[in-house]
Amino acid sequence: METVPVLILDPSDKYRPDHKDEQQFRNYENAINIDRVKKTYYDMHTYQTYHFVQDRTQHWTKFNHTELTVMEALEKLNALVDESDPDIDLPNSVHAFQTAERVRAAHPDLDWFHLVGLIHDLGKVMALYGEPQYAVVGDTFPVGCKPSDSIVFGQKSFRGNPDIGNPNYSSQLGIYEEHCGLDNVIMSWGHDEYLYRVLMNHSVCNLPEEGLYMIRYHSFYPWHTGDGYDYLCSNKDREMLSWVREFNKFDLYSKSEVVPDMEAIKAYYQSLVEKYIPGKISW
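Parameters and conventions
- Residues numbered from 1 in each chain as written.
- Predicted model: local features only at pLDDT ≥ 70, side-chain atom pairs only at ≥ 80, totals over all residues.
- Heavy atoms only, no water.
- Helix = DSSP H or I, 4+ residues; strand = E, 2+ residues; numbered from the N terminus.
- Buried < 20%, exposed > 50% of the residue type's maximum accessible area, 1.4 Å probe, protein only.
- Contact = heavy atoms within 4.5 Å.
- Areas by Shrake-Rupley, 256 points an atom, 1.4 Å probe, with all protein chains shown as cover.
- Disulfide = S-S within 2.5 Å.
- Phe/Tyr/Trp six-rings, centres within 6.5 Å; stacked < 30°, edge-to-face > 60°.
- Lys NZ or Arg CZ within 6 Å of the ring centre and 35° of its normal.

Quick notes on the overall build of the protein
Argument step 1. When you go through the protein residue by residue, the secondary structure sums to 10 helices and four strands.
Argument step 2. Helices and strands in the protein line up, N terminus first, as β-α-α-β-α-β-α-α-α-α-α-α-α-β.
Argument step 3. Residues classed as buried in the protein amount to 58% of the 283 residues present.
Argument step 4. Of all intrachain contacts in the protein linking residues separated by at least 6 positions in sequence, the fraction that spans at least 24 positions is 81%.
Argument step 5. In the structure as shown, the protein presents an accessible area of about 12000 Å², 47% of it carried by carbon and sulfur atoms.

A few points about the side chain of His114
Argument step 1. In this structure, His114 sits in helix α5 (residues 111–119).
Argument step 2. According to the relative accessible area criterion, His114 is buried, its value standing at 1%.
Argument step 3. Apart from the residues within four sequence positions on either side, His114 is in contact with Ala100, Val103, Arg104, His107, Pro108, Tyr268, Tyr269 and Leu272.

As for the state of the cysteines
Argument step 1. Under the criterion given, the structure shown has zero disulfides.
Argument step 2. Here Cys145 stays unpaired: no disulfide links it, and the sulfur of Cys180, its closest cysteine neighbor, is 8.8 Å away.

Let's talk about the packing of aromatic side chains
Argument step 1. If you walk through the whole model with that rule in mind, you get 21 aromatic pairs.
Argument step 2. When the centroid spacing of 5.6 Å and the interplanar angle of 45 degrees are considered together, the rings of Phe220 and Tyr229 count as tilted. Tyr229 matches Phe220 in its accessibility class, with the two residues each being buried.
Argument step 3. Aromatic pair Tyr229 and Tyr231: ring centres 5.9 Å apart, planes at 50 degrees, arrangement tilted.
Argument step 4. Overall, Tyr231 belongs to the buried group, its relative accessible area being 19%.
Argument step 5. Chaining the aromatic ring pairs together yields one cluster made of Tyr213, Tyr217, Phe220, Trp223, Tyr229 and Tyr231.
Argument step 6. Above the ring of Tyr268, the side-chain terminus of Arg104 is found at 3.8 Å from the ring centroid.

Some words on unusual backbone geometry
Argument step 1. Of note in the backbone geometry, His179 takes a positive phi value of approximately 60 degrees without being a glycine.
Argument step 2. Locating His179 in the fold gives a position in the loop between α5 and α6 (191–201).
Argument step 3. A positive phi angle, close to 60 degrees, is found at Asp227, a residue other than glycine.
Argument step 4. With respect to the element layout, Asp227 can be found in the loop between α8 (221–224) and α9 (235–253).
Argument step 5. Overall, the relative accessible area of 57% leaves Asp227 in the exposed class.

Listed below in structure tokens is the structure:
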């Protein structure tokens, strides 16, 4: 299938540490592109129902859209510029190397962590194959239960979602048991879950569990930043939360106008790809 460049809306990607104080990040009230940001989230919260997520999961986990190496997928992210970013207009591929290099500086001995920084947004390639933006980017949340107050734009943004009127899905626990574990929770569909599934389907993925948690839940802001949904978490989830939060620091605060020399460092990251996720990957 032919791919086409698209501009995607990702309100989570708008952090410039060289120009902002931390309290100014994730401004959903008066950002320059707030109307566009708000529409993305309202569409997400309206259309991402339990059955929608099951449909998209079935569609994308056939892994029949393309075959790409990690570096080829990363190159495709050159076509992705997050329109909702009010601060900087750089391709997602640049953000990938910025994140990876920040991780590398802070954790020089954890080479798998460097690679996670590089690849964490690769699931956004879905946008190049026709997936609507509200099912690719932005904060994730559990479906099949009542939305938490910690979700951006709050419960009012879910008023058009038919699951809200379904008694099976509208209680705090919904279809889940208390402390069932996030692995048993169905998350809204997006690039986190997709990349996790892609890696699990690949013949060789040597990333540790901590890295896979970072990939799968880095956009789950209502949990790792909003302190919501603990009632669904297992002890393992709570143990892994510190790793997800550690990654989040580099994901949020790595965007700046200072672009690393990607050609100079590409060979290092290629060696990590060969070590942890070699070969062509089915997407």
